[in-house]
Every structure is written in C-alpha cells, then in structure tokens.
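So you can see what is in the structure, the chains are spelled out below.
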Amino acid sequence: MNKTLIALAIAATLPVAAVADVTISGSLNTKYKNTGAVDTDSRLSVASSEVLANGMTATAGFSITADTDDDTENSGTATLAGDFGTLTVGSIDADGAFQAGDVGGAVSNTTESTSSTASSVYGIHYAGTVAGLSVAAQVNANTGPTGGGTAQTKSTQMSASYAMNGLVLGYAYASAAADDASTANHDGLHEGQTAVGASYTMGDLVVSVGKVNLKDTAVSPDALVSATYTLTADALTIVAQADNAPSGDYQLNLTYALTDSFSVSSEVDKGKTTTMVATYSAGDMTATVAKQDDGTTDASISLDYGNADLTIGRVGARAGSAGVGRADAAEYSHVSYSVAF
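Within each chain, residues carry numbers counting from 1 in the order of the written sequence. Residue-level local features of this predicted model are given only where pLDDT is at least 70; pairs of side-chain atoms are given and counted only at 80 or more, and the full residue set underlies all totals for whole chains, interfaces and linings. The side-chain numbers reported here are obtained from all heavy atoms of the structure, hydrogens and water having been left aside.

Asker: It is not clear to me how the overall build of the chain should be interpreted in this structure. Could you clarify?
Answerer: The secondary structure listing takes helices from DSSP runs of H or I that are at least 4 residues long and strands from runs of E that are at least 2 residues long, numbered from the N terminus. Counting its secondary structure elements, the chain contains 2 helices and 20 strands. Partly exposed describes any residue whose relative accessible area lies between the buried limit of under 20% and the exposed limit of over 50%, with all areas from a 1.4 Å probe on protein chains only and scaled to the type maximum. Residues classed as buried in the chain amount to 25% of the 341 residues present. In this description, contact between two residues means that some pair of their heavy atoms is separated by no more than 4.5 Å. Residue pairs in contact within the chain that sit at least 24 positions apart in sequence constitute 38% of those at least 6 positions apart. Residue burial considers only the protein chains on display, and all accessible areas are found by Shrake-Rupley using a 1.4 Å probe. Here the chain displays about 19000 Å² of accessible surface, and carbon together with sulfur accounts for 60% of that area.

Listed below in structure tokens is the structure:
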C-alpha cells in the first residue's frame, strides 16, 4: 500500500474527541410490579460539538437503547448549523418539518405506537429563519430509526411560517403518511395532506385557527377547523379547545396553583369525562394523585436524589385498556428506580 494512503488511513482512525467536545450521558430505569414483572430500560448517549473554522457549528450524536419489552434501538444524528440555517441528517422527527408550519395545531404529532407521541425516522431535515420568515423541509427514508426494523413510508415535507407583532401565519405539506396515522385527518400525517393556520398572541391570550385538507377525501372529512383559547390569570390557567369535525369535540383544561408546592388540574371534554390531578411538592418529594376519566385513581410518591429517582405508586384498573399503552388492564403497585449520569 502507498505510504500516503497508509498515513491517511491512520489519521482517519484518530478519535474525534481529540478535536471536539464530547459528552457522554446515560440512564437506567428498573420497575418492579407486584404482579411479579420486572421492566428494565437503559440508554447510553454520546454527543460531540465543534465550531468550525468558517464559524459553522458541527454536532454529532448517537444513542444505544435497550428495553426488556422491546427490541434494541440504535440511532445517530449529525447536524451542521450556520447563518444558512440548520441541516440535520440521520434520525429525525418523523413530522418535524410539517409541524413547524402547522401553527394552528390542526394536526397532532404522529405516533409510533399507542403509548408514544414521539416518532423518528432516518432522513434529512433543514430549517432556517430570515426576518421573521421560517422555512423547513425534510425527506423521510423508507427505514425506521432502527435501520430497517420498522417499515416507514418514503416521503417529503415542507412548511413556511411568518411571524409579525404577535401574529403567526403558517402553511405545511406532506406527500405521504408518517408512522401510524389514524383514520382521523387531524391525527398524524396522510398522503397529500396540507395545513394552513394562524396564531395570535396578546399577553396571556393565545388564539389559533387551523384547517387541514386531504388528498383522499374518503378518510374522514376533508377539512378541520379548530380554535384554542389560552388564558393565565395569576395562579389560574385556562385552556379551551374546540373543533368542528369529525367529532365536533371540545375540551377544557384548568390548572390552579394554590401554593408554590400544591397545584390542582382538571380536564373536561365533550363526553363529560373528567380527569383531575393533584400534585404536592416538598423539598425532594413529589406526591401525585390522579382521578382518571374512567373513575379509577392513580397515586405515586417520587423522591429526587439528584442523579437518582425513586418512585412508589399504585395504578388503577383500566377497563378495556389491555394492549393500549399497558401490558394488562389490572390494578397493580410498582416501585421504580432510575439513575442518570
């Protein structure tokens, strides 16, 4: 082999840490249920960042996760940021570019499973802002973040939003579905979907309106108009939301902080189902009691030991909820211990 090629090969193997700041972090969580089940999840993450000679910032990172209830998932991401904006390749948010333009909140985030609102795919994402105008675009590959373990739909997304004096106008487009979009046009991305919206902020008042259209009008109504009203008055926060289709639903969320350490929140929707949550904090301890809309009650006490957290709780039975975010519908107690570094 040529000596020059040998030298280049040796240089390529030098650790990146020699020229960049590297951060290593991780976490381990173990949960024991009185049913006899033990669930252990772990994550190891490595991230590096370096300011280049031209003033741009290059970052790279990867995560290795292990879940006793799921397959091991490994993902990596690299970014390049500068005056032109930010370019990201690798594992990206499955609907990040679309959501950036859905300022009216007409379309909820895509879901990777029934227990998660976060989803990621392999792809390329770009975002940039100039004088109040923000644009975003991305290409989703046909592989999931596991590198092929989860089938995805190859697609493109683009969006634009403009902000001026509290008013934000936005437009978003997606060529195909992203993850598990349901039959409701406002739950996840579908083929040929667009969204337009506006949001206006004046002090504590936020009003937004969004409309979504679908290429396939057979998938529920072809348009959705929704409005959200948010008001904060001292310790009381009120959020009201309503939409015209497909269900004509409305929802009211109330949160009241009686003291710095004690708060109560409630959610009421069209079906008159109510969820109430009371939270009390004292030093390193946080206690929570939640009455669910099906009448069951959950309770937990968490202790914060810095990098370690201990949680003891009780989860009420969920009628008909087996397989939806839980392994079973039975009532159970649990003890969880988490360590992060």
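Moving on from the model shown.
Asker: Sorry if this is basic, but what is going on with a nonpolar patch on the surface here?
Answerer: Taken together, the side chains of V22, I24, L44, F62, I64 and F341 make up a nonpolar region of the molecular surface, amounting to roughly 540 Å² of accessible area. Contributing elements (two or more residues each) for the nonpolar patch: β1 (21-33) and β3 (57-67). Without a salt bridge and with relative accessible area above 30%, a residue can belong to a patch; like charges are then joined within 9 Å and nonpolar side chains (Val, Leu, Ile, Met, Phe, Trp, Tyr) within 5 Å. One side-chain nitrogen of Lys or Arg within 4 Å of one carboxyl oxygen of Asp or Glu is enough to make a salt bridge.

Asker: What's the story with the side chain of Q138 in this structure? I'm lost.
Answerer: Along the chain, the position of Q138 falls in strand β7 (residues 133-140). Apart from residues no more than four positions distant in its own chain, Q138 is found in contact with I92, D93, A94, D95, G96, A97, I124, H125, S155, T156 and Q157.

Asker: Can you help me understand the nonpolar core in this one?
Answerer: If you look at soluble globular proteins, the nonpolar side chains tend to sit buried side by side. Within the largest apolar cluster, 12 residues are counted, these being I92, A94, F98, A106, V107, V121, A172, A174, A178, L189, A195 and V212. Beyond its immediate stretch of four places on either side in the chain, A172 contacts F98, G101, D102, M158, S159, Q193, T194 and A195. As used here, the term nonpolar core means buried Ala, Val, Leu, Ile, Met, Phe, Trp, Tyr and Cys residues forming a set that is joined through side-chain atoms within 4.5 Å.

Asker: Whenever I open this one, the packing of aromatic side chains confuses me. Can you help?
Answerer: Note on aromatic pairs: each is described by the distance of the centres and the angle between the planes. Under the pairing criterion, centres of Phe, Tyr and Trp rings, with the six-membered ring standing for Trp, must be within 6.5 Å; the plane angle then separates stacked pairs below 30 degrees from edge-to-face pairs above 60, leaving the rest tilted. Summed over all chains, the structure comprises 0 aromatic pairs. Geometrically, a charge over a ring is one whose NZ (Lys) or CZ (Arg) sits within 6 Å of the ring centre while staying within 35 degrees of the ring normal. Just above the ring of Y332 sits the side chain of K33; from NZ or CZ to the centre is 4.5 Å.

Asker: How should the environment of A195 be read in this particular structure?
Answerer: Here A195 lies in strand β10 (residues 193-202). Take A195: its relative accessible area is 0%, and that puts it in the buried class. Spatially, the C-alpha atoms of A195 and D102 are 6.1 Å apart, while their sequence positions differ by 93 residues. Ignoring any residue separated from it by four or fewer positions in sequence, one finds A195 in contact with F98, D102, G170, Y171, A172, K211 and V212.

Asker: Before we go on, may I ask you to explain the pairing of strand β2 (residues 38-51) in this structure?
Answerer: A regular strand places its side chains on the two faces of the sheet in alternate fashion. Alignment of β1 against β2, held across 12 bridges, turns out to be antiparallel. Counted as the bridge partner of D21 is S49 from β2. Strand pairing is assigned whenever DSSP detects at least two bridges linking the two strands. Connecting the antiparallel pair β1 and β2 is a turn made up of 4 residues, with G36 showing a positive phi of about 105°.

Asker: Which parts of the structure should I look at to understand the environment of I124?
Answerer: Here I124 is to be found in strand β6 (residues 120-130). C-alpha of I124 to C-alpha of T77: the two residues are 47 residues apart in sequence and 9.8 Å apart in space. When residues no more than four places from it in sequence are discounted, the contact partners of I124 are L87, T88, V89, I92, A137, Q138 and V139.

Asker: Looking at this structure, I do not really get unusual backbone geometry. What am I missing?
Answerer: Excluding glycine, residues mostly have negative phi values, and the peptide bonds linking residues are mostly trans. Positive phi, normally seen in glycine, also occurs at A131, with a value near 50°. Along the chain, A131 turns up in the loop between β6 and β7. Residues other than glycine seldom take positive phi values, yet D234 does so here, at roughly 55°. The residue D234 is located in the loop between β12 (225-233) and β13 (236-243) in this model. We classify D234 as exposed; its relative accessible area is 82%.

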